[in-house]
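# Survey of secondary and tertiary structure
If you want the building blocks of each chain, they are given just below.
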Amino acid sequence: MRHIISIRDMSREEIDSLLDKSEYIRKKDKYRRSLEGKLIALLFFEPSTRTRMSFASALARLGGEAIIVDSVEGSSISKGETLADTVRVVSSYVDGIVLRHPKEGAARLACEFSNVPVINAGDGAGQHPSQTLLDLFTIRESMPLDGIEVGLLGDLRYGRTAHSLAHALTHYDVRIHTIAPRSLELPNSTLSGLIRMGAKVIEHETLDSVINELDVLYVTRIQRERFPDLATYSKVSLSYRLTPENLADVKENMIVLHPLPRAGEIDPSVDTMPQAKYFRQAENGVPVRMAMLEEVIQ
Ligand code: NCD
């Protein structure tokens, strides 16, 4: 049985083959009935629009059905049930589980108690493999994944999308540039893990000092919900905002990505610029999640 818990568990070959399959689905086969009759539980114990809806859309396009639990209040977790018990029972009802949970490590724990494949749809500040695959897919639509300079801007401390993407990029010949407000830099353990995996990481204090070198700028939201208190959040909120002026002298084919939702980090006037690929990126969530579901459920 195959689970998708962390992008670190996947080899470059596995990633590339999933991206190839996603591309085929996107271009040629948006409605295939390969999961007809399959039931998948979408257990979302944290807010989500894109991830939850694109998994549901992906599943419907594959002919399967989603059973959605999208609040702690509406489930027995609010009665004190452990995640282990919830997963043990739910896995006897369905053919697969997609789990989003506020605690890092939750998906790894879930797969120990599940009789069916588990896909991690985000575990706290940990990993978000389906987002990373669609991020890579979107980059690959514009340029090869090797030989590029990728900037990660924003909350690199709590942002799971940045953590996941950085890990995936270690499979490719990519230089990673981190640009984060002080106190929101990559955790030391993540940074040393990346370096052990062979990553080339360069830290920057300001976006302006590096933006013109980048092929990809990956902007992230400050993860307000993971801050210990509001005062600490207020100190860093709105400390960066991408505007058309920042993009005046960038490389010709440079692109801007963002996992969304945004909360002020990208000025809406950037949306119509040729570099803005974040809505395309969100759209790519459907074919990529179709490929993932097909891979683990069959
Ligand atoms: C991200 C997440 O949930 O980690 N959103 C998403 O899945 N597209 C990013 C975020 O919430 O900032």
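Above: the structure in question.
Report on the accompanying structure. (Residues numbered from 1 in each chain as written. Predicted model: local features only at pLDDT ≥ 70, side-chain atom pairs only at ≥ 80, totals over all residues. Heavy atoms only, no water.)

Another point: the pairing of strand E3 (residues 96-101). Burial runs high along E3: 6 of the 6 residues are buried. Side-chain alternation along E3 places Gly 96, Val 98 and Arg 100 on one buried face and Ile 97, Leu 99 and His 101 on a second face that is also buried. Relative to strand E4 (residues 118-123), E3 runs parallel, the two sharing 4 bridges. Considered in E4, the bridge of His 101 is made with Asp 123. Handedness of the crossover joining E3 and E4 through helix H4 (residues 106-113): right-handed. (Buried < 20%, exposed > 50% of the residue type's maximum accessible area, 1.4 Å probe, protein only. Helix = DSSP H or I, 4+ residues; strand = E, 2+ residues; numbered from the N terminus. Pairing = 2+ DSSP bridges. Right-handed = clockwise from strand over helix to strand, strands pointing away.)

What follows covers the sheet that holds strand E7 (residues 200-204). As summarised here, the arrangement of the 5 strands in space is E7-E6-E5-E8-E9, forming an open sheet in which the pairing is parallel. This sheet does not close on itself; its edge strands, each paired only once, are E7 and strand E9 (255-257). Between one strand axis and the next, the sheet turns through 20 degrees on average, direction left out of account. (Axes fitted to C-alpha atoms, helices over the stretch in contact; angles between N-to-C directions.)

The full set of residues close to the ligand is Thr 51, Arg 100, His 128, Gln 131, Arg 160, Thr 161, Arg 221, Gln 223, Pro 259, Leu 260 and Pro 261. Residue Arg 100 places a side-chain N or O atom 3.1 Å away from an oxygen atom belonging to the ligand. Taking Leu 260, its main chain carries an N or O atom lying 3.0 Å from a nitrogen atom of the ligand. Burial of the ligand by the protein chains amounts to 94% of its free accessible area of 310 Å². With respect to the pocket detection grid, the ligand is positioned in the largest pocket. In the shell around the ligand, the residues fall into 3 nonpolar, 5 polar and 3 charged. (Near = heavy atom within 4 Å. Polar contact = N/O pair within 3.5 Å; in protein donor to acceptor, adjacent residues only side chain to side chain. Areas by Shrake-Rupley, 256 points an atom, 1.4 Å probe, with all protein chains shown as cover. 1 Å grid on protein atoms, 1.4 Å probe; cavity = no way out; pocket = protein on both sides within 12 Å on 5 of 7 lines; lining within 4 Å. Sits in = over half its atoms within 2 Å of the grid points. Nonpolar A, V, L, I, M, F, W, Y, C, P; charged D, E, K, R; others polar.)

Across a sheet, paired strands are connected by hydrogen bonds in the backbone, their directions being either parallel or antiparallel. Spatial strand order, E2-E1-E3-E4: 4 strands in an open sheet with parallel pairing. In the strand order of this sheet, the two ends are held by strand E2 (65-69) and E4, each with one partner. Direction aside, the axes of adjacent strands within the sheet are offset by 15 degrees on average. As paired elements, strand E1 (residues 39-44) and E3 share 5 bridges and run parallel to each other. Pairing of Leu 42 across the sheet is with Val 98, part of E3. Across the face of the sheet, helix H3 (residues 83-90) comes into contact with E1 and E3 while running at roughly 155 degrees to E3. Running at roughly 160 degrees to E4, H4 makes contact with E3 and E4 of the sheet. (Contact = heavy atoms within 4.5 Å.)

Bringing the environment of His 163 into the picture now. Take His 163: it is sitting in helix H6 (residues 160-169). Under the relative-accessibility criterion, His 163 is labelled buried at 5%. In this structure, the C-alpha to C-alpha distance between His 163 and Leu 152, residues 11 residues apart in sequence, is 9.6 Å. Residues within four places of His 163 in sequence aside, it is in contact with Ala 125, Gly 126, Gln 127, Leu 156, Arg 157, Tyr 158, Leu 186, Pro 187 and Thr 190. Polar side-chain contacts of His 163 include one of 3.3 Å to the backbone oxygen of Arg 157.

Extensive coverage of H6 is indicated by the burial of 10 of its 10 residues. What H6 keeps buried is the set Arg 160, Thr 161, Ala 162, His 163, Ser 164, Leu 165, Ala 166, His 167, Ala 168 and Leu 169.

With that settled, the discussion passes to unusual backbone geometry. With an omega dihedral of 5 degrees, the bond running from Leu 260 to Pro 261 counts as a cis peptide bond. Within the element layout of this structure, Pro 261 appears in the loop between E9 and helix H9 (278-283). With a phi angle near 85 degrees, Ser 183 is a residue other than glycine that sits in the positive phi range. Within the secondary structure layout, Ser 183 lies in the loop between strand E6 (174-179) and helix H7 (188-196). The backbone phi angle of Leu 260 is positive, close to 65 degrees, even though this residue is not glycine. Note on placement: Leu 260 falls in the loop between E9 and H9. When its relative accessible area of 11% is taken as the criterion, Leu 260 is described as buried.

Inspection of the entire model under this criterion finds 25 salt bridges. Residues Arg 32 and Glu 294 are paired through a salt bridge, measuring 2.7 Å at the closest nitrogen-oxygen approach. Of this pair, Arg 32 sits in the loop between helix H1 (12-28) and E1 while Glu 294 sits in helix H10 (residues 285-297), placing them 262 residues apart in sequence. Residue class for Arg 32 comes out buried when judged on its relative accessible area of 18%. The closest approach of N and O atoms between Arg 226 and Glu 46, which form a salt bridge, is 2.8 Å. Remark: Glu 46 occurs in the loop between E1 and helix H2 (50-61) and Arg 226 occurs in the loop between strand E8 (216-219) and helix H8 (230-236); sequence separation between them is 180 residues. In this structure Arg 226 comes out as buried when scored by relative accessible area, which is 14%. (Salt bridge = Lys/Arg side-chain N within 4 Å of Asp/Glu carboxyl O.)

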